[in-house]
Amino acid sequence: MAPLKFSNEIMAARAAGQPIVALESTIITHGMPYPQNVETAEMVEADIREAGAVPATIAIMDGQIHIGLEPSELQTLAQAKNVAKLSRADLAFALATGQTGATTVAATMICAHLAGIAVFATGGIGGVHRGASDSFDISADLEELAQTPVTVVAAGAKAILDLPKTMEVLETRGVPVIAYGQDVLPAFWSRTSGLPAPLRADSAAEIAASHAMRARLGLPGGQLIANPIPLAAEIPAEALRPHIEQALREAGEQAIAAKAVTPFLLQRIFELTGGASLTANIALVRNNARLAAAIAIEINAG
Ligand code: PSU
Ligand code: MN
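Residues numbered from 1 in each chain as written. Chains lettered and ligands numbered in written order. Predicted model: local features only at pLDDT ≥ 70, side-chain atom pairs only at ≥ 80, totals over all residues. Heavy atoms only, no water.

Visitor: An account of the overall build of the protein is requested, with residue identities and associated values reported.
Guide: For the protein, the helix and strand inventory stands at 13 helices and 11 strands. Overall, the C-alpha framework of the protein stretches about 50 × 40 × 35 Å when taken along its three principal axes. Residue burial in the protein is summarised as follows: out of 302 residues, 53% are buried. Summarising the internal contacts of the protein: among those between residues at least 6 apart in sequence, 74% fall at separations of at least 24. When the accessible surface of the protein is totalled, it reaches about 12,600 Å², and 56% of it is carbon and sulfur. Charge-centre separation for the protein: the mean point of 20 positive side chains lies 2 Å from the mean point of 29 negative side chains. (Helix = DSSP H or I, 4+ residues; strand = E, 2+ residues; numbered from the N terminus. Buried < 20%, exposed > 50% of the residue type's maximum accessible area, 1.4 Å probe, protein only. Contact = heavy atoms within 4.5 Å. Areas by Shrake-Rupley, 256 points an atom, 1.4 Å probe, with all protein chains shown as cover. Lys, Arg positive; Asp, Glu negative; His and termini not counted. Charge placed at Lys NZ, Arg CZ, Asp CG, Glu CD.)

Visitor: Could you give an account of the packing of aromatic side chains, with specific residues and numbers?
Guide: A full pass over the atoms with the stated rule returns one aromatic pair. We note R14 situated over the ring of F6; from NZ or CZ to the ring centre the distance is 3.9 Å. (Phe/Tyr/Trp six-rings, centres within 6.5 Å; stacked < 30°, edge-to-face > 60°. Lys NZ or Arg CZ within 6 Å of the ring centre and 35° of its normal.)

Visitor: An account of the pairing of strand β9 (residues 177-180) is needed here, citing residue identities and associated values.
Guide: Pairing of β9 with strand β11 (residues 223-226), which is carried by three bridges, proceeds in the parallel orientation. Bridged to I178 within β11 is I225. Bridge count for β9 against strand β10 (residues 199-201) is three bridges, and the pairing is parallel. In the strand pairing of β10, A179 is matched with R200. (Pairing = 2+ DSSP bridges.)

Visitor: Describe the pattern of salt bridges, and please don't skip the residues or the numbers.
Guide: One pass over the full model with this rule turns up 12 salt bridges. Linking D47 and R286 is a salt bridge whose minimum nitrogen-to-oxygen distance equals 2.7 Å. In this pair, D47 is assigned in helix α3 (residues 36-50) and R286 in helix α13 (residues 276-301), connecting sequence segments 239 residues apart. In this structure, a network of salt bridges that share partners links the residues E9, E45 and R49. (Salt bridge = Lys/Arg side-chain N within 4 Å of Asp/Glu carboxyl O.)

Written out as structure tokens, the structure reads:
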């Protein structure tokens, strides 16, 4: 049996058969600075409750998979220094050795599935990094989408990545990428990447039906729902390009590698945009949470 520990709210939600939306914790510990990280986490949880579902923020604490964090646990995690960033490769070791750590998209998918949660909202998934032909840096998030049956709502893959290569890997691994309400793929802080979306859905019901059909077909793996950032909050891709390029250049000069790459780039782009990237990131996560709640309600009803 997996060492799952349900929060009081999630215990009650499970008993009542309510729809639940999983949330990750690496975005809190490695994706946003304090105190905006904890403020965002609380707002996102409130957005999901307001939409009629129950939020389950997932993290590893004291050797247990926490499904739902008590408010004090969320505060502790958000302020802790040097929290481990746990992906699929790290999860069992961290649990076995009694560690505390934040779960990435990949690890959160594994934990959500163990807890019977079908839908998960985040900001942007990891993917193929630029220069991957030399570095081999491809996020474990892609492999997880190929094997764990959770529907992940994100604003696309983060624009710091090589988006065409990310799409190629997802296609090869059989992951449906469904843009919500538009024909083009969003690019995290921007509504469009210029790349056509492989699939398009215009309602939560369609996404829920597709999730259920994959199960009926016995297909492993999840779905990636690419939900564009709200128009009022977007930063056009041209405005971001120089900042992304500078952050990538600095990462190369400073030999930033492995797990540190994505947090470094997000932090530098936050600084270079004078905080604007964080404002956009918060808006898109909240938007994803609302859509994820609607999908979870449809799956629960189905
Ligand atoms: N979405 C955000 N900010 C983040 C992340 C997602 O808006 O920081 C995190 C997720 O945990 C994702 C990770 O799994 O970034 C990707 O890390 P990597 O590129 O090292 O796989
Ligand atoms: Mn990586």
